[in-house]
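# Architecture and fold: a report
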Amino acid sequence: MQNLIKNRALANDDSWRLIRSVEEAFSADEDIILPLDLYLQREDTQHAGKLVVWLAPEQDPAVLQAHLANLSLIAIDFPAFTDGRGYSHARLLRERYGYQGELRAIGDVLRDQLSYMAQVGFDAFVIRADRDAASALAGLADFSEQYQATVLQPVPLLKRRVSLIVA
């Protein structure tokens, strides 16, 4: 994949290949990111490379609960800038289901979203192909503070300020 930001830095090498449809062919030794339905069908098959999954906005991340320990990466698709369901998927995976692996945003991912995506638990972002990942990287630092509780900062700003005043 190109245009990848991972762990707040540009990633030059990435062995993962995103498979968008069940008709798309891949070799047995590739590390592949499969659509959820295909992943659930192929999970127990012999494959020399690694198999991980991507979720569409309409799919429930709870389906992956039994598989989380075996997934080093989960990608969440943003088919359009205006579709925010992936934010909820990421937060559920991190907070409710305790997922600790790489959480990667794919699809229509732009600089304006990165700070918000990081707050709900994303740590990797595939920037849309027509945009520059180096300039998008600065989007992770667009906001120095968050008012609400987030995955990165579970204590909301009001409670943090009150504890500073009381102390």
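Before reading on, note that the structure itself is shown above.
Residues numbered from 1 in each chain as written. Predicted model: local features only at pLDDT ≥ 70, side-chain atom pairs only at ≥ 80, totals over all residues. Heavy atoms only, no water.

## With respect to the packing of aromatic side chains
This model, assessed by the stated rule, comprises 3 aromatic pairs. On the basis of an interplanar angle of 75 degrees and a centroid distance of 5.4 Å, the ring pair of Phe78 and Tyr87 is categorised as edge-to-face. On the basis of relative accessible area, Phe78 is assigned to the buried category, the value being 0%. The rings of Phe78, Tyr87, Phe122 and Phe125 are connected pair by pair, giving a single aromatic cluster. The ring of Trp54 has Arg20 lying over it, and the distance from NZ or CZ to the ring centre is 5.0 Å. (Phe/Tyr/Trp six-rings, centres within 6.5 Å; stacked < 30°, edge-to-face > 60°. Buried < 20%, exposed > 50% of the residue type's maximum accessible area, 1.4 Å probe, protein only. Lys NZ or Arg CZ within 6 Å of the ring centre and 35° of its normal.)

## Concerning the pattern of salt bridges
Oppositely charged side chains can form a pair if their charged atoms are brought close together. Per the counting criterion, the structure on display carries 12 salt bridges. Between Arg91 and Glu95 there is a salt bridge; the shortest N-O distance is 2.9 Å. Of this pair, Arg91 and Glu95 both sit in helix H2 (residues 85-96), 4 residues apart, which is roughly one turn of that helix. With a closest N to O distance of 2.7 Å, Asp130 and Arg128 form a salt bridge. The exposed category is assigned to Asp130, whose relative accessible area is 53%. Look at Arg128 and you get partly exposed, because its relative accessible area is 25%. If you follow the salt bridges from partner to partner, you end up with Lys6, Asp14, Glu102 and Arg104 in one network. (Salt bridge = Lys/Arg side-chain N within 4 Å of Asp/Glu carboxyl O. Helix = DSSP H or I, 4+ residues; strand = E, 2+ residues; numbered from the N terminus.)

## A word on the nonpolar core
Leu71, Ile74, Leu93, Leu114, Phe122 and Phe125 are the most contacted members of the largest nonpolar core, which has 45 residues in total. Residue contacts for Phe125: discarding those within four places in its chain leaves Asn3, Leu4, Ile5, Ala105, Val109, Leu114, Met117, Ala118 and Leu140. (Core = buried A, V, L, I, M, F, W, Y, C linked by side-chain atoms within 4.5 Å. Contact = heavy atoms within 4.5 Å.)

## Description of the sheet that holds strand E2 (residues 9-11)
In sheet architecture, strand pairing relies on hydrogen bonds along the backbone and comes in two forms, parallel and antiparallel. Spatially, E2-E1-E8-E7-E6-E5-E4-E3 is the arrangement adopted by the 8 strands of the open sheet, whose pairing is mixed. Both edges of this open sheet fall to E2 and strand E3 (16-18), since each of them pairs with a single strand only. Strand-to-strand, the axes of this sheet are offset by a mean angle of 30 degrees, without reference to chain direction. Looking at chain direction, strand E6 (residues 73-78) and strand E7 (residues 102-107) are connected through 6 bridges and run parallel. Residue Phe78 lies in a different strand from E7, and its bridge partner there is Gly107. (Pairing = 2+ DSSP bridges. Axes fitted to C-alpha atoms, helices over the stretch in contact; angles between N-to-C directions.)

## Let's talk about the side chain of Arg104
Topologically, Arg104 is positioned in strand E7. Within the local environment of Arg104, its side chain forms a polar contact with the side chain of Asp14, the two groups lying 2.9 Å apart. (Polar contact = N/O pair within 3.5 Å; in protein donor to acceptor, adjacent residues only side chain to side chain.)

## Points about the side chain of His89
Topologically, His89 is positioned in helix H2. Under the relative-accessibility criterion, His89 is labelled buried at 7%. When neighbours within four sequence positions are excluded, His89 is seen to be in contact with Ala56, Pro57, Gln59, Pro61 and Ile76.

## Remarks on the pairing of E6
For E6, the tally of buried residues reaches 6 of 6 residues, placing the bulk of the element in the interior. Both faces of E6 are covered, namely the face carrying Leu73, Ala75 and Asp77 and the face carrying Ile74, Ile76 and Phe78. By the bridge criterion, 3 bridges tie strand E5 (residues 51-55) to E6 in an arrangement that is parallel. When the bridges of E6 are listed, Trp54 appears paired with Ala75.

Limitation: the analysis is restricted to geometry and does not speak to function.
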